[in-house]
Amino acid sequence: MKNMRVLIYFIGILFSVTLVAQESSRHPRVLELEDYYKDKANRILSNRFKEMPFLITVRIDPLRRTSGNDEYRPKNETLPFFDLEYENIKDEWDDPTASLYSLTNRIRSATVNVIIPESISEGESAEIREALIQDLRLIPGRDRVQLSRRRWGSQIDLEIYGMIIGITIMAFLFGLFLIQRLSIGKLVKALSIIQDQVKSQSDKSPSAPVAPMTMPQAQTANTPTHTGAGMGDIRLSDNHKTREIFRQRLSDLVVSESFPNIEDMQTLEELATENPKLLGAFLNELPLGDQRRIFSLSSGQEWFSAYADPGSVDYQTLDLIESLLRHRPETNNRKLQDLVIQVWRLGDQSAQLLRDLDQDVAFSILSEMPKSLSVPIGRSAFPGAWGALLDPNKTYKQLTEKELDEAMEKGLKLKPKNSMKELKDYIRDRDLLRFLKKATVAEEREIYTAAKGAFLEYLRPPFFRVLDADAMNLYLVFVSFTVDDWALALFNIPKDERQAIESLFSEKQRFLFLEKMKQLDESRPNESAIGAIRERIAEVYFEMVRREELAGESANEKAA
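Residues numbered from 1 in each chain as written. Predicted model: local features only at pLDDT ≥ 70, side-chain atom pairs only at ≥ 80, totals over all residues. Heavy atoms only, no water.

Let us look at the overall build of the chain. When helices and strands are tallied, the chain shows 26 helices and 3 strands. Out of the 560 residues in the chain, the part that is buried amounts to 35%. Sequence-distant contacts, at least 24 apart, represent 77% of the contacts inside the chain between residues at least 6 apart. Of the roughly 34700 Å² that the chain leaves accessible, carbon and sulfur atoms contribute 54%. (Helix = DSSP H or I, 4+ residues; strand = E, 2+ residues; numbered from the N terminus. Buried < 20%, exposed > 50% of the residue type's maximum accessible area, 1.4 Å probe, protein only. Contact = heavy atoms within 4.5 Å. Areas by Shrake-Rupley, 256 points an atom, 1.4 Å probe, with all protein chains shown as cover.)

Spelled out as structure tokens, the structure:
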């Protein structure tokens, strides 16, 4: 009996080594997904049936894009640097950045085998199968959950677990032994090659000093560099090489006639708000003429910070340039693209421009815009006819040069292009703008009165203009903010200056306003918070007055 048990253990060890050899040929991301399913199924069953043994195995058949042979073959070569032009991931399973959730969509079939105790009833078995299908998000018909029963006793359980642990330990030690043998063999071979090279050089020139040999590939073969990213990401550590690759890709983008289009400007506009340093690093590498052209087409003040304080080229700029190059639409009408960008720059005023144009011309312009922009603008400009934008069979007229020039002229009257002089003025006045964020109303009034030109008011509309507004405009601004907002904005302002606004409060609002002012007196709010709400209110008032002025100019032109 003892000899039989030794024979069984020996056969088990050989079987485990065979399984390890087979599994090594399978893709590691497949094994990782199988382990994820196994752990999740184990948690489900452990929570449902506490202190009961289960044995779970998962087998996944991946859906590969590679034709012919789906066997995973790991790459043994390691380049000294990473070049985007030579890296081509053809399959999602080979992408180290792909999440396990995304890989679940690349499964041909999945089989979950669960061995359960014999004491579990048929109803509980059906409940287990249903729970695993739902919680593991398996697809009936494609994936299978197989349940089998075993009579497990405490004595047998200990033997099984002991055998599994023993086999696992032996397999692990055997794997370490193989890895050690292979590593030592490679090291000895490399040292022998170096020794032969040194010996041959010394034989040829015995009087010359021998230069030390270096092995750059051996140094980096097992230690990939990660800069600013998690495990599995591949990032460039050579700043010179990063800049070289970026400039190569940038030259491909600049020569494209479609750059910049409306999608490019939307992407850059989003960066101007979220990461102005990254946008500045990208813009700073462009030729001077392209820098000026893109700045003239920008829509918001966030771009000033990107141009004034750019970052440096790194892997994020490489990701940005690749995203811009990924889908380049073909276009041969630069004027039409510039007109579409101008309509986007107008923001809320875009509907006003389109209503002033012939409807066929307006719809031709909207058809060139992404649906996320054209549909909201079309609904505002043409409430009863905008549905034509969703008709895939609708054809639009080809705009002439004259129609494009006239539409652009009207758009520039509503919002002129930005000039480099404005950027220089912003750089000059940056310190003053920081001071105004915490300045009192009296200090703000003195600075704007002494400043010459309207550019400072464009960069930061002053709050004291709201206090001096006429009754109608003041009321329109008043209803756009809450009582708490007004209490914070009017904090520490003399009563005579805020009397016009307080007169607009109802009795209930006045009571809430006074209570909020008492709380602010006790807590002493942050000066930056006060400056922020005052800037928001001033921007709303400034935009409202500007719309009134433009509407008056348009009415005068029509009357003339």
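Another point: the nonpolar core. Among the nonpolar cores identified, the biggest contains 93 residues, and F282, I365 and W486 are the most heavily contacted of them. Examining the composition of this core, we find that 7 residues originate from one element, helix α13 (residues 334-346), more than from any other. Ignoring anything within four residues of it in the chain, the contact list for W486 reads V466, V477, F478, F481, I501, F505, F513 and I537. (Core = buried A, V, L, I, M, F, W, Y, C linked by side-chain atoms within 4.5 Å.)

This part takes up helix α24 (residues 495-502). Among all positions of α24, only R498, I501 and E502 are buried. All buried residues of α24 lie within an arc of 90 degrees about the axis, which places them on one face of the element. Across from the buried face of α24, at angles greater than 90 degrees, the exposed residues are D496 and Q499. Buried residues belonging to α24 abut α21 (464-467), α22 (471-478), α23 (483-489) and α25 (507-523). (Arc of directions from axis to C-beta.)

Looking now at the sheet that holds strand β3 (residues 144-150). With mixed pairing, 3 strands are arranged side by side in an open sheet as β1-β2-β3. Each end of this open sheet is capped by a strand with a single partner; those strands are β1 (55-62) and β3. Averaged over all pairs of adjacent strands, the angle between their axes in this sheet comes to 15 degrees, without regard to strand direction. Two strands pair when backbone bridges link them, and strand β2 (residues 107-117) and β3 are joined in this way by 7 bridges, in the parallel orientation. Paired with T111 across the bridge in β3 is R144. The strands touched by helix α2 (residues 28-48) within the sheet are β1 and β2, with β1 carrying the most contacts at an inclination of about 145 degrees. (Pairing = 2+ DSSP bridges. Axes fitted to C-alpha atoms, helices over the stretch in contact; angles between N-to-C directions.)

Before going further, it helps to spend a moment on helix α4 (residues 122-135). Its 14 residues place the ends of α4 20 Å apart at the C-alpha level, agreeing with the 20 Å of an ideal helix rising 1.5 Å per residue. Buried within α4 are the following residues: S125, I128 and L132. What you see down the axis of α4 is that its buried residues fit within an arc of 55 degrees, all on one side. Of the exposed residues in α4, the ones pointing more than 90 degrees away from its buried face are G123 and Q134. In this structure, the buried side of α4 is in contact with α2, β2 and β3. One or two residues past the end of α4 sits R137, with phi positive at roughly 55 degrees. (Expected span 1.5 Å × (residues − 1).)

In total, this model carries 25 salt bridges according to the counting rule given. As a salt-bridge pair, E92 and R106 come within 3.5 Å of each other at their nearest N and O atoms. You can see E92 sitting in the loop between β1 and α3 (100-103) and its partner R106 sitting in the loop between α3 and β2, a full 14 residues away along the chain. Owing to a relative accessible area of 14%, R106 belongs among the buried residues under this scheme. (Salt bridge = Lys/Arg side-chain N within 4 Å of Asp/Glu carboxyl O.)

Turning our attention to the pairing of β2. Within a regular strand, the side chains alternate between the two sheet faces. The buried count for β2 comes to 8 of 11 residues, which makes it a mostly enclosed element. By the bridge criterion, 8 bridges tie β1 to β2 in an arrangement that is antiparallel. Bridge pairing in β2 links V58 to V112. Regarding topology, α4 serves as the crossover connection from β2 to the parallel β3, and that connection is right-handed. (Right-handed = clockwise from strand over helix to strand, strands pointing away.)

Glancing now at the confidence of the model for the chain. When pLDDT is averaged across the chain, the result is 78; 78% of the residues are at 70 or more. By mean pLDDT, helix α6 (residues 216-220) is the weakest element of the chain at 38, and α23 is the strongest at 92. Confidence over residues 76-86 falls short of pLDDT 50; this stretch has 15 contacts with residues more than four positions distant or in other chains. This model gives residues 204-236 a pLDDT under 50, and the stretch forms 31 contacts once residues within four places in sequence are excluded. (pLDDT = per-residue confidence, 0-100.)

Where nonpolar side chains cluster on the molecular surface, the patch consists of L55, I160, Y161, I164, I165, I169, M170, F172, L173, L176 and I179 and spans about 1000 Å² of accessible area. For F172, the location among the structural elements is in helix α5 (residues 154-204). Of the residues examined, F172 reaches a relative accessible area of 54% and is grouped as exposed. (Patch = residues over 30% accessible without salt bridge, like charges linked within 9 Å, V, L, I, M, F, W, Y side chains within 5 Å.)

This part covers unusual backbone geometry. Omega for the bond connecting F259 with P260 falls within 30 degrees of zero, at -5 degrees, which places this linkage in the cis form. Looking at the secondary structure, you find P260 in the loop between α7 (239-254) and α8 (262-274). A positive phi angle, near 55 degrees, is found at R137, a position not held by glycine. In this structure, R524 takes a positive phi of about 55 degrees despite not being glycine. Relative to the helices and strands, R524 is located in the loop between α25 and α26 (527-559).

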